[in-house]
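# Understanding the architecture of this molecule
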Amino acid sequence: MADIVSTFRGRGMWRYRALLPVEARWGSRLVVGGTPMVDCGDDAGVYLWVKDEARNPSGSLKDRATEMVLAVAKRAGCTHTVGASTGNAGASLACIAAAQGMSATVVVPASTPFVKLAQIRAYGARVCEVDGTYDDAFEIAERMADDASVCCRNTGVNPFTREGKKTCAFEIAEAFDWCVPDWVIVPTGDGNILSGIAAGFLDLYTLGITSAVPRLLAAQADSSNSITRDWRDDDEATALPQSPTLVNPQTVADSLSVSRPRDHFAALHALRATRGACVSLDDASILAASQTLAQRFGLWFEPSTAAGYAALRECIATGRIQPGARVVLLGTGTGLKAPQRFDSVAPEPPPDYANVVPSRVPEDRRHFRGEGQT
């Protein structure tokens, strides 16, 4: 253990280069990973930390996957990259590709939030909007990557997405001085973050760096809960399904909105290997959790992270997560990626607001607002 840990030097995810499939020199100039762990203290009887992945270059955990995928692609001589996305993966691909000097095409459903489209375009990537679902975009992106010089980032197709995301587990374990927490809560759509986090903790356990593996809790939206439907956490003898249960997602948590999870089986295996569990939440619970995270802890994340926090509160209420447990919630993406989702959760002003704030600025204080100035 000591020999491997002594090699962990530098900043960001490449600190763990000894456990990664490609040399750090192929990485981008950006610092991906090395995100803070926010200590939220006692929360309804459990000890909560939030892993703030919004601090990554494009504002989401997806940068870990993209950094690894494009490092491998760069070494292989690829000059172009393509990927399907509901927003975050596309922004990540555009961002890291720009830093790598590669051109990029991002295929998105037409329903993708404007803010995320603007971010993708800002990095110079070509946006291909599809009049259909994420699954339609996924298939189109695959067809676009039919040349050896083109790298396809698609989750479930490119195995290196998982290799990048597992570095988040490494950072969590190191933050606990290699004594892992009891639970890690993973907002789950296509299942790739879930399988990546499991892979990271299992790597550390296999190498003897840690002596345990935390339990993983997959948090899904009610209408995008294929993995939850196919998981039976009370019957480990149940055979895994031959194909994912198809769902019709309609949720405020657009980052979790998939009808056929592309890393479905790896996610189910991750839950089995970590003695994990699944919870699915309705949109009202997700929006309420968004408000709590922002107004109680000063952490503004997009609704996918809020699904994770709502799952935590439900599991505390049902007794699945016991008092005193040490819990880490993945803060997967910044709230700035979905500002339109938060209009309905803003608190109402106090009834006497009009009496507290003067309706006009006194003459002698107008200069503070720049009035009358040229």
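For the structure itself, look to the data block above.
### Observations regarding the packing of aromatic side chains
The description of an aromatic ring pair rests on the distance of the ring centres and on the angle between the ring planes. Taken as a whole and judged by the stated rule, the model has six aromatic pairs. An angle of 80° between the planes, with centres 6.1 Å apart, marks the rings of Phe-297 and Tyr-309 as edge-to-face. Of this pair, Phe-297 sits in helix α10 (residues 283-297) while Tyr-309 sits in helix α11 (residues 303-318), and the two are 12 residues apart along the sequence. Each member of the aromatic cluster is reached from another via a ring pair, and the members are Phe-8, Tyr-16, Phe-170 and Trp-178. Over the ring of Phe-138 we find Arg-262, and its NZ or CZ is 3.9 Å from the ring centre.

### Some details on the packing of helix α2 (residues 62-75) against helix α3 (residues 88-100)
Relative to each other, α2 and α3 sit at 45°, their axes nearing to 9 Å. Comparing their axes, α3 and α2 come out oblique. At the point where α2 passes α3, the crossing takes the right-handed sense. Here Lys-62, Asp-63, Thr-66, Glu-67, Leu-70, Ala-71 and Lys-74 of α2 come into contact with α3, specifically with Asn-88, Ala-89, Ser-92, Leu-93, Ile-96, Ala-97 and Gln-100.

### Points about the nonpolar core
Of all hydrophobic cores here, the largest spans 35 residues; its most connected members are Leu-48, Leu-217, Ile-286, Tyr-309, Leu-312, Ile-321 and Val-327. Per-element accounting of this core gives the leading share, eight residues, to α11. With residues near it in sequence (within four places) discarded, Leu-217 still touches Trp-183, Val-184, Ile-185, Val-186, Ala-277, Cys-278, Val-279, Ala-311, Cys-315 and Ile-321. With 34 residues, the next largest nonpolar core counts Tyr-16, Leu-61, Ile-193 and Ala-218 among its residues.

### A few points about the pairing of strand β1 (residues 37-43)
Relative to strand β2 (residues 46-52), β1 is paired through six bridges, and the arrangement is antiparallel. Bridging across to β2, Gly-41 finds its partner in Leu-48. Linking β1 to β2, which pair antiparallel, is a turn of two residues; within it Ala-44 sits at a positive phi near 55°.

### Looking at empty space enclosed by the protein
Scanning the model with the defined rule gives two cavities of 30 Å³ or more in all. The space that makes up the largest cavity amounts to roughly 290 Å³. Every residue lining the largest cavity is counted, 28 residues in all, and those nearest its centre are Lys-62, Lys-165, Asp-190, Ile-193 and Ser-255. Broken down by secondary-structure element, the contributors of at least two residues to the lining of the largest cavity are α3, β7 (183-187) and α7 (192-206). Considering every element that reaches the lining of the largest cavity, the biggest residue donor is α7, with three residues. Per-class residue counts for the lining of the largest cavity are 10 nonpolar, 13 polar and five charged.

### Description of the pattern of salt bridges
If you walk through the whole model with that rule in mind, you get 16 salt bridges. With its nearest N and O atoms 2.6 Å apart, the salt bridge here joins Glu-174 to Arg-15. Here Arg-15 lies in the loop between α1 (2-5) and β1 and Glu-174 lies in helix α6 (residues 160-175), a separation of 159 residues in the sequence. Between Glu-23 and Arg-75 there is a salt bridge whose closest N-O contact spans 3.5 Å. Of the two residues, Glu-23 sits in the loop between α1 and β1 while Arg-75 sits in helix α2, which places them 52 residues apart along the sequence. The exposure class assigned to Glu-23 is partly exposed, which follows from its relative accessible area of 37%. Salt bridges linked by common partners bring Lys-51, Glu-53, Arg-64 and Glu-171 together as one network.

### Topic: the packing of α3 against helix α4 (residues 114-122)
How two helices sit against one another is set out by the angle between their axes and by the gap between those axes. Running from N to C, α3 and α4 point in directions that differ by 15°, and their axes come no closer than 8 Å. Here α4 runs roughly parallel to α3, going by the angle between their axes. Both α3 and α4 take part in a crossing whose hand is left-handed. Mapping the contact onto sequence places Asn-88, Gly-90, Ala-91 and Ala-94 in α3 and Lys-116, Gln-119 and Ile-120 in α4.

### With respect to the layout of surface pockets
The volume enclosed by the largest pocket comes to roughly 360 Å³. Lining of the largest pocket is provided by 19 residues; of these, Ser-111, Thr-133, Tyr-134, Pro-249 and Ser-257 occupy positions nearest its centre.

### Section: the sheet that holds β7
Taking strand neighbours across the sheet as the criterion, the six strands line up as β1-β2-β10-β7-β8-β9 in an open arrangement whose pairing is mixed. Each edge of the sheet is formed by a strand with only one pairing partner; in this case those strands are β1 and β9 (277-281). Direction aside, neighbouring strands of the sheet carry axes that sit 25° apart on average.

Reading the values: the criteria
- Residues numbered from 1 in each chain as written.
- Predicted model: local features only at pLDDT ≥ 70, side-chain atom pairs only at ≥ 80, totals over all residues.
- Heavy atoms only, no water.
- Phe/Tyr/Trp six-rings, centres within 6.5 Å; stacked < 30°, edge-to-face > 60°.
- Helix = DSSP H or I, 4+ residues; strand = E, 2+ residues; numbered from the N terminus.
- Lys NZ or Arg CZ within 6 Å of the ring centre and 35° of its normal.
- Axes fitted to C-alpha atoms, helices over the stretch in contact; angles between N-to-C directions.
- Parallel < 35°, antiparallel > 145°, perpendicular 65-115°, else oblique.
- Left-handed = near helix turned anticlockwise from the far one by under 90°.
- Contact = heavy atoms within 4.5 Å.
- Core = buried A, V, L, I, M, F, W, Y, C linked by side-chain atoms within 4.5 Å.
- Buried < 20%, exposed > 50% of the residue type's maximum accessible area, 1.4 Å probe, protein only.
- Pairing = 2+ DSSP bridges.
- 1 Å grid on protein atoms, 1.4 Å probe; cavity = no way out; pocket = protein on both sides within 12 Å on 5 of 7 lines; lining within 4 Å.
- Points joined across faces, edges and corners; volume = space filled by probe spheres on them.
- Nonpolar A, V, L, I, M, F, W, Y, C, P; charged D, E, K, R; others polar.
- Salt bridge = Lys/Arg side-chain N within 4 Å of Asp/Glu carboxyl O.

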